[in-house]
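Here is how the chains run, residue by residue.
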Amino acid sequence: MTAEGGSHNFSSGVTETRPTGPLFIDDGGCRCALQEELGTEAWRCIANTTTNIYSGQTGKWFFAVNRANSASLQELPNSDSNPPDLSTPYFIEGEGQNEKFVEITSENENTDLGDVTCSGKNDTEASSDLYKELSVSTTESLSPCWQPGTTPLILQDASEWNATGCNLGFLCQNNTASNPPTYCPPSPPAQIARLEGVTTPPMGPYEPVVCQKGNYCPPGGTQQIICPSGHFCSIGAYEPTKCSFGALCPPASYRDRSLLPLILLIALDLLIISAILVSKIQWNGRRESPRRRSRRAKHLRKVLPFSRLGAQNEQYLPIYDGNFPLESRISGVRRANTSSLAAMDNDFAFHESNAVDDERSDSNIQQLVQSLSRCTTAASIGLSFEFANLSYQPKGSNQPILSQVTGGITNGSFWGIMGASGAGKSTFVNVLMGKHSHTGGVTKINGGTGISSKYKKVIGYVPQDDIVLPELTVRENILHSARIRLPSDWSDKDAQRHVELVLKCLQLPHVQNSRVGSSAAPVISGGERKRVSIGMELAAAPMALFLDEPTSGLDATSASSIMLILKAVSRLGITVVTIIHQPRHEIFEALDNVLLLGAGRVIYSGKEAKAQAYFEDCGFNFPEGHNPADTIMDIIAGQGHLYKKLGDTDVSHLIEQWTYRQDAMKAATGFPCPSPSDVEIVALDRTVQMRGASWYRQTYFCLSRAFLQQYRLRSSFYAEIGVATLTGLLLGLAETSEDGINFRGIFHHPYELLSSSADYSSVPEMSLLIGLASGIIASPPGVRVFGEEKLMYAREASSGHNRFAYYIGKVLSTLPRMILSSLHFTMPFMYLSTPRMSWGAAFIANLLYFYCIYGLSSCVSMVTRREDGPLIATMTSLVVAIISGVRPSLHTVGGWHMTWLWRASPGTWLSEAYFTENVTPYRYLYQIDPAAAGTGFNLGHYSLDLAMLFMLGTLYRVIAFGALRVFNRRSHR
C-alpha cells in the first residue's frame, strides 16, 4: 500500500514557472526565469539542463535589480532589462503564510544537487541557443523534454485542448492551444518513483502535473492555490472540501481529522463511568454493615418460634462469612397431618422477622394460600394425575423404559419417586409432565384425558442442577419468574407482594438482596441456592411441582430443610412429586406417598407409612436401627436376598407381586381419583389460558433482566471496550503512513501516461484488517449472549415462557454493547487513518459488521459446548473476514464460479462498502470503473451493502433461534 508522495525529493517548483517572460541559461547549466514570489520580482533557477533535476523551495533565488518592476515579467524571453542581483543568493523557508526569503550561507546550505551549480550569471551563448529553440514554430521545439535524447509526446492537440482544456485536478499552467500538454519520458529516478506510486514533477515544461495535496487547482488548471483554513485538499483536488465540524484544519491541510467524535466518545465514557460509580456508592450505602447483621441475627434468635414446630432435635443458627450468610436457620423434620386443610397449620410454617414488624408465620402461610388461590379458577389449587398402563419406548430402541405403570397422584399430596439407577424414575416424571410423549397407556389430569404439555404453565419443574442466573440476586431470580408466569391480569405490585410471601415461606428474606453466585464462586449456601430454585417455581403459583433429586449434593441438614419446605408447599394444596435417591430416615418419613419403580415397572405405590409393612408382608426382614429407606432401596435394586432368606427376591418377582395385589391396594392408596365435572374442566382450561404475561411484557422483562446481567458483568464489557479501543489504535497507526490516500488509479484520458503505478488493493486490504479485528472483538461476547444460558432457556421454555420474547429480549440487550464497541473501535481508527470515507459512514458499516459477528457467534454457541464456543466463534469470524474478496479477489473467484459463496460472507459486503466510499470521491480524477472490474466490487451500492449486512446479521439470528429450539426441543417441551 503506497501513498501518493513519499521520501523522494521530487519537488514541484517548476509547476510555478511561467512559459513566457525573461529567462536565460547561466554558466552553471541552470535555466533561470524571472518570477514574482512573495510580492517580489526575483530570478529562480528552475531546472538544470545537465541533471534534469527540478529545484523546489530549496532552490536558489536571486532578487531582480528592480524588485518592484512587475511589468518586466511580461517581456520577451531574451529581455535583460531587469537582470538578477548576484551579490546574495536566497532560498525560501517555511510554508503558507510563514514563507520568507532566507540568505544562503555555508551554515544553512541545503539546496539540491542541481541548484548547487546555479550561479545566476548569464551564459550568452547557451542562452542564444535557447532563444533559437523558442523561436521555432513547431510544437516539438516549443515543448522540449529535459531528459536528453527524448522527444515529447503530444497528449492533446489544439482542437482537443480548446474543447476540454486541462483535466480536473491537474495543473496546466504552461499550456495553451499553441503549447498543448505533452508527455516526456521520465528520467530513471523519476521512473522508479512512479513505479513506487510516488507523484513526480513533470519531465518537461508543458507536461501537466496533478495538483499536490494541501493545494487545489481550480478548473482550467491555471494556478495551484494553498488550501484555506477550515478546509482540506487531497491530491488532485480542484476545489477545497470543508472540514467536518470540530476538525482542526489549518492552511494546507490535506485530510479531515475531526476531533468531535473522539471528544464525544470520551464524554460518553466519562458519563458511563460516573453513572457506575454513583450506582456503586448507592449500592454500598444500602448494604447492611456486619455490625447491623449481627444485631439482626440476635433479634432473629429471640423471635423465631421454632418451638412451635415441635422439633426436639438441635436447631442451627445462621452461619455468616463476612457479609454473606452461608446457611440459614434449619430445624428438624416432623411428621404431621397430610390433609390439604393443614395449609393453615403452624406446624409447617416458617417465620421471619423484619425491621418493620413481626409477622406471624400462620399469617404468611394464609396469605400465600390466598395468593395462590387467586391464580386459579379451579376448585382446588393442586392438580391430580391418573395413569393407566403407561409405557414409553424411545425411537430406535427395542426395549421400553416404562411399561404398564398404573396409579394416581391426588392433589395436595407429597410424593416421592424412588428406584435404582435405570429404573425409569426421570422418564416417568418427564412423561407425566408432558416432556416426553408416552407411547402407550392413558394419562389424566384432574380426571380429564389430555396432553400433559398443555398444562405446562401450571406445572413447575425444579431440575437436579440449580439452574439460576448467578448475576442476579435471590429476589431478582424469583421475581422474574413471577412476572413472566403469573396471570396476565396481575399488576407488578401484586407480583411483588406474592414474591415477598414466597421469600418468607422459604426462609430467604435475609439473603434476598444477595447475588446467587455460580457453583464455582458461590455467594449463598447450597441449601439456599436450592430454595431459590424451588422459589422460582413456587413464585409462578404452580398447581403441581415436580423436582428431580432436590437433596442431591446437599449436606444432611440442608437436605432435611429442603424436604421440610416441600412438605409445607404440599400443605398449601400444591401437588408435589419429587425423585429421591437414597433418602435419610427423616427425609423418607416426610413423604406422604412413594412410588417405587424397578425395570420400568411399579413395585409399590402407596402411603410411605405402609411401605415397610408391605415389604414385610412379602417376607423381607428390616434390621433394627437401620434406615428403612435404605433397606427398601436395596430390595428394589435387586439385593433383596440380604433381607429374605427363602423365596424369590428378584425385581421381576416384586413386580408380579405388586400386580397381583394392586386391586386390593387401590382403596388404601386412594385410587382412582374422582372424575371432575365439566365445570371443573372448563375452569382448569381457563386457568391455563390466563397464565403468563403478554409476549411484549415478557420481552420487556427479559430485556430488563439482560441489561441487569450485563451491568453486573461489566468487567467483561470493560474488557471488550478495551480490546476494541486498542485494536482501533493499532490499525489506525498502521494506516497513518498512507496520509489518508489509500487509492491510486489511472488518470482520465488523455493523461493516462502521466499516471503512477495503480493501487487498487489498499482499500480492500484495509477492510480485511477491519473484518479480522471485528471478529476478535465481537466473537467472544457474542457467544456468551446465549452460550451461558441454554440451560436457563430450556428451563423457562418448558414452563411456558414465550421463547420469542426471551430471544428478542436477549438480542435487543446486545445492541448498546455493539454500538459502544463499534464506536470505541471506529473513532481511534478513523482519527489516525483519515481515509476519504466519512467517520459516520465507517461507523455504520462497522456497526452492521459487528451485528453480523454477534449473530454468527450466536449460531456457533448453539451447537458447541460452552467452553469451546469462544474459540470456535473467533475462528469462524476470521474465516468470514478472509472471504471478503481481497485475496483472492472477487474477480478471480468469478472465474471459479464461486461468487455466490463470497457474497454469502458479510466480509465481502463490508469490503465493497469501504471500496465505494473511499474510491468514488476520486471519480473525477481517476478511471475507477477499471478498478471496480479488476477487484470485482460494485461501485455506488453503499446502501445495498449496508442492507445486505443487516440481512445477513438478522439471518444468523433466525438460524440461531431455530437451532436453539431444535437442540433444546426435548428439554423445553
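Residues numbered from 1 in each chain as written. Predicted model: local features only at pLDDT ≥ 70, side-chain atom pairs only at ≥ 80, totals over all residues. Heavy atoms only, no water.

Trainee: Just to check I follow, could you spell out the overall build of the protein for this structure?
Mentor: Each helix and strand counted, the protein has 32 helices and 28 strands in total. Looking at the protein residue by residue over its 973 residues, the buried ones come to 54%. For the protein, restricting intrachain contacts to residue pairs at least 6 apart in sequence, the fraction spanning at least 24 positions comes to 71%. About 41,000 Å² of surface is accessible on the protein, with carbon and sulfur atoms providing 56% of the total. (Helix = DSSP H or I, 4+ residues; strand = E, 2+ residues; numbered from the N terminus. Buried < 20%, exposed > 50% of the residue type's maximum accessible area, 1.4 Å probe, protein only. Contact = heavy atoms within 4.5 Å. Areas by Shrake-Rupley, 256 points an atom, 1.4 Å probe, with all protein chains shown as cover.)

Trainee: So what exactly am I meant to see when it comes to the sheet that holds strand β25 (residues 593-598) here?
Mentor: Note on sheets: strands pair through backbone hydrogen bonds, and any given pair is parallel or antiparallel. Strands sit in the order β22-β23-β24-β19-β25-β26 across an open sheet of six strands; the sheet is mixed. Where the open sheet ends on each side, the last strands, each with one partner, are β22 (459-462) and β26 (601-607). In this sheet, adjacent strand axes meet at a mean angle of 15° when their direction is disregarded. Bridge analysis of strand β19 (residues 414-419) against strand β24 (residues 575-579) gives four bridges, and the strand direction is parallel. Paired with Phe414 across the two strands is Val576, which belongs to β24. Across the face of the sheet, helix α9 (residues 425-433) comes into contact with β19, β22, β23 (544-548), β24 and β25 while running at roughly 140° to β19. Helix-sheet contacts for helix α16 (residues 628-639) involve β19, β25 and β26, and the interaxial angle to β19 is about 50°. (Pairing = 2+ DSSP bridges. Axes fitted to C-alpha atoms, helices over the stretch in contact; angles between N-to-C directions.)

Trainee: Even after reading the chapter, I still don't get the UniProt feature "transmembrane region" (unreviewed entry) in the protein, so can you show me in this structure?
Mentor: Under the feature "transmembrane region" (unreviewed entry), the UniProt entry names residues 837-857, 869-890 and 946-967. Annotation note: span residues 837-857, helix share 90%, strand share 0%, distance between end C-alpha atoms 28 Å. (UniProt positions renumbered as here; feature names shortened; annotations may be inferred.)

Trainee: Would you mind showing me how to read the packing of aromatic side chains here?
Mentor: Aromatic ring pairs: the centre-centre distance and the angle between the two ring planes describe each pair. Inspection of every chain in the model, using the stated rule, returns 36 aromatic pairs. Aromatic pair Phe615 and Phe620: ring centres 6.3 Å apart, planes at 70°, arrangement edge-to-face. Residue Phe620 is classed as buried on the basis of its relative accessible area, which comes to 2%. Among the aromatic residues, those joined into a ring-pair cluster are Phe170, Phe743, Phe747, Tyr751, Tyr760, Phe915, Tyr922, Tyr926 and Phe937. (Phe/Tyr/Trp six-rings, centres within 6.5 Å; stacked < 30°, edge-to-face > 60°.)

Trainee: I would appreciate a short explanation of the nonpolar core in the present structure.
Mentor: The nonpolar side chains of a soluble globular protein tend to be buried with one another. Phe428, Ile478, Phe546 and Phe615 are the most contacted members of the largest nonpolar core, which totals 104 residues. Filtering out sequence-adjacent residues up to four positions away, Ile478 remains in contact with Val499, Val502, Leu503, Leu508, Val532, Gly535, Met536 and Ala539. In terms of nonpolar packing, the next biggest core, distinct from the first, is built from 76 residues, Trp161, Cys702, Leu925 and Tyr926 among them. (Core = buried A, V, L, I, M, F, W, Y, C linked by side-chain atoms within 4.5 Å.)

Trainee: Before we go on, may I ask you to explain the packing of helix α21 (residues 762-787) against helix α24 (residues 815-833) in this structure?
Mentor: To describe two helices that pack against each other, one gives the angle between their axes and the distance between the axes. The N-to-C vectors of α21 and α24 enclose an angle of 150°; their axes lie 11 Å apart at closest approach. If you check the angle between α21 and α24, you find them roughly antiparallel. Here α21 and α24 pass one another in a crossing that is right-handed. Taken together, the residues of α24 that come into contact with α21 (itself represented by Met766, Ile770, Ala773, Ile777, Pro781 and Arg784) are Arg817, Phe825 and Phe829. Residue composition of the contact of α21 with α24, grouped by class: seven nonpolar, no polar and two charged. (Parallel < 35°, antiparallel > 145°, perpendicular 65-115°, else oblique. Left-handed = near helix turned anticlockwise from the far one by under 90°. Nonpolar A, V, L, I, M, F, W, Y, C, P; charged D, E, K, R; others polar.)

Trainee: Honestly, the pairing of strand β6 (residues 100-103) in this entry has me stumped. Any pointers?
Mentor: Residues in a regular strand project their side chains so that they alternate between the two faces of the sheet. Across four bridges, the pairing between strand β5 (residues 84-93) and β6 is antiparallel. Directly across from Ile92, in β6, lies its bridge partner Phe101. Counted between consecutive antiparallel strands, the loop separating β5 from β6 contains six residues, among which Gly94 sits at a positive phi close to 90°.

Trainee: Teacher, can you tell me more about the pattern of salt bridges here?
Mentor: By the definition in use, this model includes 20 salt bridges. Here Arg483 ties to Asp492 by a salt bridge, and the two come within 2.7 Å at their closest N and O atoms. The class for Arg483 is partly exposed, based on a relative accessible area of 26%. Among the salt bridges present, the one from Glu789 reaches Lys810, with a minimum N-O distance of 2.9 Å. Taken as a pair, Glu789 in the loop between α21 and α22 (790-798) and Lys810 in helix α23 (residues 803-813) lie far apart in primary sequence, 21 residues in all. Taken together, the shared-partner salt bridges connect Arg485, Glu537 and Arg795 into one network. (Salt bridge = Lys/Arg side-chain N within 4 Å of Asp/Glu carboxyl O.)

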